[in-house]
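# Structural overview for review
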Amino acid sequence: MADGLKESGQAGGGPGTLYIVATPIGNLEDLSPRAEKVLSSVAVVAAEDTRHSGRLLQHLGLRKPMIALHEHNERERVAQVLKELQAGKDLALVSDAGTPLISDPGYVVVREARAQGIRVCPIPGPCALVTALSAAGLPTDRFLFAGFLPAKRTGRRTALEALKREPATLVFYESPHRILDTLADLVAVLGGERELVLGRELTKTFETFYSGTAEDVLAELQADPHGGKGEFVVVVRGAEASGEVGEEPGLDVDKLLVLLLAELPVKKAAKIVAELTGGSKNELYQRALGLKAR
Ligand code: SAM
């Protein structure tokens, strides 16, 4: 078919297709016609929360057998999902909101399905991180999505330290009860002057963007009676190209680290660059870790 969908959701020789279906992040009108078509054609729907996604199916006038597949049971449920697919049934994977696998379950199933030669077909649509980025007005040519930061302050600050010198735009998800603490840590680690855009309740009635320096956004959110409510995407401008790490004129610290990392362990590479530039060994170590992870 021209839309990439098969004719039927039922068995017809060979395994079925696993459709990865993006669903709205708050506005039901964002469900694509193709997503609706797939959901109505498949034999089974695997969902993070069957009651939640059951309501979406009900809204579409659909009733489907459902498999619950969430972060705590994904590994055990893979066999069941794969069995349905191997029996020739088409199956749609959905999460509570947005694109499955993006800070949501599905990775294990997709990996295993591909390993077994099963066709995995993405049905793209809403995703909070892309939605926020598309309207934030910060550079999008390079961005680093870091998902949820650690829940505890020490872990969160360590994670932010490792990203402090990252030149790409940073994107995080955050829950309403941690947003103020996270913004305070962003100010403490990245500095109050770092430009930041906060997208709250995107695509919903009370959609709000807060933008300015990290310090300003924190103050604005603290002053807003609705500030600590809803869902949040945090978008942060990347670090300026020249860092305080190595002030040696004409020396490209990142390039040097990348060259050394090709030959040496991270610690050694950081030590050599620290000696060459007079920069902090620890900061260079964190920077090298970031470069190695790319
Ligand atoms: N798979 C989803 C996606 O594609 O965006 C993300 C799932 S993750 C478990 C949930 C987090 O995404 C929320 O805590 C929030 O940070 C972000 N999020 C989801 N919907 C949002 C919305 N409407 N506005 C702002 N952030 C949202």
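## A look at the pattern of salt bridges
Inspection of the entire model under this criterion finds twelve salt bridges. Residues Arg-165 and Glu-283 are paired through a salt bridge, measuring 2.7 Å at the closest nitrogen-oxygen approach. Here Arg-165, found in the loop between helix 6 (153-163) and strand 7 (169-174), pairs with Glu-283, found in helix 11 (residues 281-293); they are 118 residues apart in sequence, far enough to count as distant. By relative accessible area, Glu-283 is classed as partly exposed at 29%. Note that Glu-201 is salt-bridged to Lys-204, the shortest N-O span being 3.3 Å. According to the relative accessible area criterion, Glu-201 is buried, its value standing at 15%. Residue Lys-204 is classed as partly exposed on the basis of its relative accessible area, which comes to 25%. Through salt bridges that share partners, Arg-153, Arg-156, Arg-157, Asp-181 and Asp-185 make up one connected network.

## Looking at the site of the ligand
Around the ligand, a shell composed of 19 residues is seen, among which Thr-99, Asp-104, Ala-128, Tyr-173 and Phe-232 lie nearest. In this structure, a nitrogen atom belonging to the ligand sits 2.9 Å away from a main-chain N or O atom of Leu-202. Protein burial of the ligand: of its 570 Å² of free accessible surface, 90% is covered by the chains. Mapping the ligand onto the cavity grids shows that it belongs to the largest pocket. Of all elements in the fold, only strand 7 and strand 10 (232-236) reach the threshold of two or more residues within the shell around the ligand. Looking at the shell around the ligand residue by residue, the classes come out as ten nonpolar, four polar and five charged. When residues of the shell around the ligand are assigned to domains, at least three fall in each of domain 1 (2-126) and domain 2 (129-236).

## Focus on the domain arrangement of the protein
Interface size is often expressed as the accessible area that is lost when the parts come together. Partitioning the protein into structural domains gives domain 1 (2-126), domain 2 (129-236) and domain 3 (253-293). Its C-alpha centre places domain 2 at a distance of 28 Å from the equivalent point of domain 3.

## Describing the sheet that holds strand 1 (residues 18-21)
The strand order 3-2-4-1-5 describes an open sheet built from five strands, whose pairing is parallel. Only two strands of the sheet have a single neighbouring strand rather than two, namely strand 3 (66-68) and strand 5 (120-123). Mean inter-strand twist for the sheet, computed between neighbouring axes without regard to direction, equals 25°. Where strand 2 (residues 44-47) lies against strand 4 (residues 91-94), four bridges are found, and the strand directions are parallel. Paired with Ala-46 across the strands is Leu-93, a residue of strand 4. Across the sheet, helix 2 (residues 50-59) lies against strand 2, strand 3 and strand 4, angled at about 150° from strand 3, the strand it touches most. Along the sheet face, helix 3 (residues 74-86) touches strand 1, strand 2, strand 3 and strand 4 and points at about 155° away from the line of strand 3.

## Quick look at the sheet that holds strand 10
Backbone-to-backbone hydrogen bonds pair the strands of a sheet. The strands run either parallel or antiparallel. In space, the five strands of this open sheet follow the order 6-7-10-8-9, with mixed pairing throughout. Two strands close off the open sheet at either side, each with one partner strand: strand 6 (143-148) and strand 9 (208-213). Shown here is a sheet whose adjacent strand axes are inclined to one another by a mean of 15°, direction ignored. As paired elements, strand 6 and strand 7 share four bridges and run parallel to each other. Across the sheet, the residue bridging to Leu-144 is Leu-170, located in strand 7.

Analysis parameters
Residues numbered from 1 in each chain as written. Predicted model: local features only at pLDDT ≥ 70, side-chain atom pairs only at ≥ 80, totals over all residues. Heavy atoms only, no water. Salt bridge = Lys/Arg side-chain N within 4 Å of Asp/Glu carboxyl O. Helix = DSSP H or I, 4+ residues; strand = E, 2+ residues; numbered from the N terminus. Buried < 20%, exposed > 50% of the residue type's maximum accessible area, 1.4 Å probe, protein only. Near = heavy atom within 4 Å. Polar contact = N/O pair within 3.5 Å; in protein donor to acceptor, adjacent residues only side chain to side chain. Areas by Shrake-Rupley, 256 points an atom, 1.4 Å probe, with all protein chains shown as cover. 1 Å grid on protein atoms, 1.4 Å probe; cavity = no way out; pocket = protein on both sides within 12 Å on 5 of 7 lines; lining within 4 Å. Sits in = over half its atoms within 2 Å of the grid points. Nonpolar A, V, L, I, M, F, W, Y, C, P; charged D, E, K, R; others polar. Domains from an automatic or database assignment. Pairing = 2+ DSSP bridges. Axes fitted to C-alpha atoms, helices over the stretch in contact; angles between N-to-C directions. Contact = heavy atoms within 4.5 Å.

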